[in-house]
Amino acid sequence: MFRLSNNLIGILNFVTFLLSIPIIWAGAWLRNHGSSECERFLDTPVIVIGVFLMLVSIAGLVGACCKNSLLLWIYLVVMFLLIVLLFCFTIFAFVVTNKGAGQVLSDRGYKEYKLGDYSNWLQKRVTGGKNWNKIRSCLIEGKVCSKFNETYLSDTVEQFYTERLNALQSGCCKPSDECGYTYVNPTTWTKTTTNSTNPDCAAWDNQPDVLCFNCNSCKAGLLDNLKRDWKRVAIVNIVFLVFLIIIYSVGCCAFRNNRRDNSYTTGWKA
């Protein structure tokens, strides 16, 4: 008799199999049509995820529907490892994003960001020369500061200081307030003599492809974005973990059913 748990596992894995097809297609499209290094950087991870989903889905689908205990056992082992890895990653994500926040400034609508306020592990992953060069090129290609300049171009200095800028805009597209530079427009500032020891003041340049992309504040702004994104991912992971545990439990029932049916068939033939 075909059991309910086998049906559920079969249906769920058929759905994930169908979902894996557009994921693989998207990765292949990025590899062939990506217009920048930033887009092409995503192609391999996307393809790997798609192929992984497809193979696991096939193992679960065949194992449940064809009563193949070996494939279903492989499926359950992979699911168990995935649950453990996802659980560890979720805990890790909460730990590394626990530190760091923008500093509130007096009479300013925006915050400023300090690199040292964030997790050392995140800092090492971002601030390395090779990694940061790729990230910086992506920020420039993404026209983060060009769009920022267009949005606030008509602002007077008083209006600009009240704007609620996001972390990347505040860290990468304007000099730090402590530099004391004179506002001309959002991405053009007149350098003046400053007593600040902040190295970002010397790193600032009005050239559109320089601005503050080499500043520590820009790296800190990116880390603040990563921190928020990772926390969102960690929350989604908790929901996904519950779902995976339910699927794993149903899969264990299907595996037990397979073993029982195989034993019954073997015994009947004997």
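- Going by what an unreviewed UniProt entry lists, the protein is known as Tetraspanin-8 and is assigned to Linum tenue.
- Recorded under Sequence similarities (unreviewed entry), the UniProt text for the protein is reproduced unchanged: "Belongs to the tetraspanin (TM4SF) family."

1. So, the overall build of the protein
Part 1: Per the secondary structure count, the protein includes 11 helices and four strands.
Part 2: Relative to the 2.2 N^0.38 estimate, which gives 18 Å for 270 residues, the radius of gyration of the protein is 26 Å and therefore markedly larger than a compact globule would have.
Part 3: Reported as C-alpha extents along the three principal axes, the dimensions of the protein are approximately 95 × 40 × 30 Å.
Part 4: Per-residue burial over the protein gives 37% buried out of 270 residues.
Part 5: For the protein, the share of sequence-separated contacts (at least 6 apart) that also reach a separation of at least 24 residues comes to 66%.
Part 6: For the protein, the accessible surface area stands at approximately 15400 Å², while carbon and sulfur atoms represent 65% of it.

2. Some details on the state of the cysteines
Part 1: Tallied over the entire structure, the rule returns four disulfides.
Part 2: There is a disulfide in this structure between Cys172 and Cys218, and the S-S distance comes to 1.9 Å. For the disulfide bridge between Cys172 and Cys218, the dihedral angle about the S-S bond is near 90°, and by the sign convention the bridge is right-handed. Here Cys172, found in helix 9 (residues 167-172), pairs with Cys218, found in helix 11 (residues 216-269); they are 46 residues apart in sequence, far enough to count as distant.
Part 3: Here Cys172 falls in the buried class, since its relative accessible area comes to 1%.
Part 4: Take Cys218: its relative accessible area is 0%, and that puts it in the buried class.
Part 5: Linked covalently through their sulfurs, Cys179 and Cys201 form a disulfide whose S-S length is 2.0 Å. Because the sign of the S-S torsion sets the handedness, a value of about -95° for the bond joining Cys179 and Cys201 places this disulfide among the left-handed ones.

About the cut-offs
Residues numbered from 1 in each chain as written. Predicted model: local features only at pLDDT ≥ 70, side-chain atom pairs only at ≥ 80, totals over all residues. Heavy atoms only, no water. UniProt positions renumbered as here; feature names shortened; annotations may be inferred. Helix = DSSP H or I, 4+ residues; strand = E, 2+ residues; numbered from the N terminus. Rg over C-alpha atoms; globule rule 2.2 N^0.38 Å. Buried < 20%, exposed > 50% of the residue type's maximum accessible area, 1.4 Å probe, protein only. Contact = heavy atoms within 4.5 Å. Areas by Shrake-Rupley, 256 points an atom, 1.4 Å probe, with all protein chains shown as cover. Disulfide = S-S within 2.5 Å.

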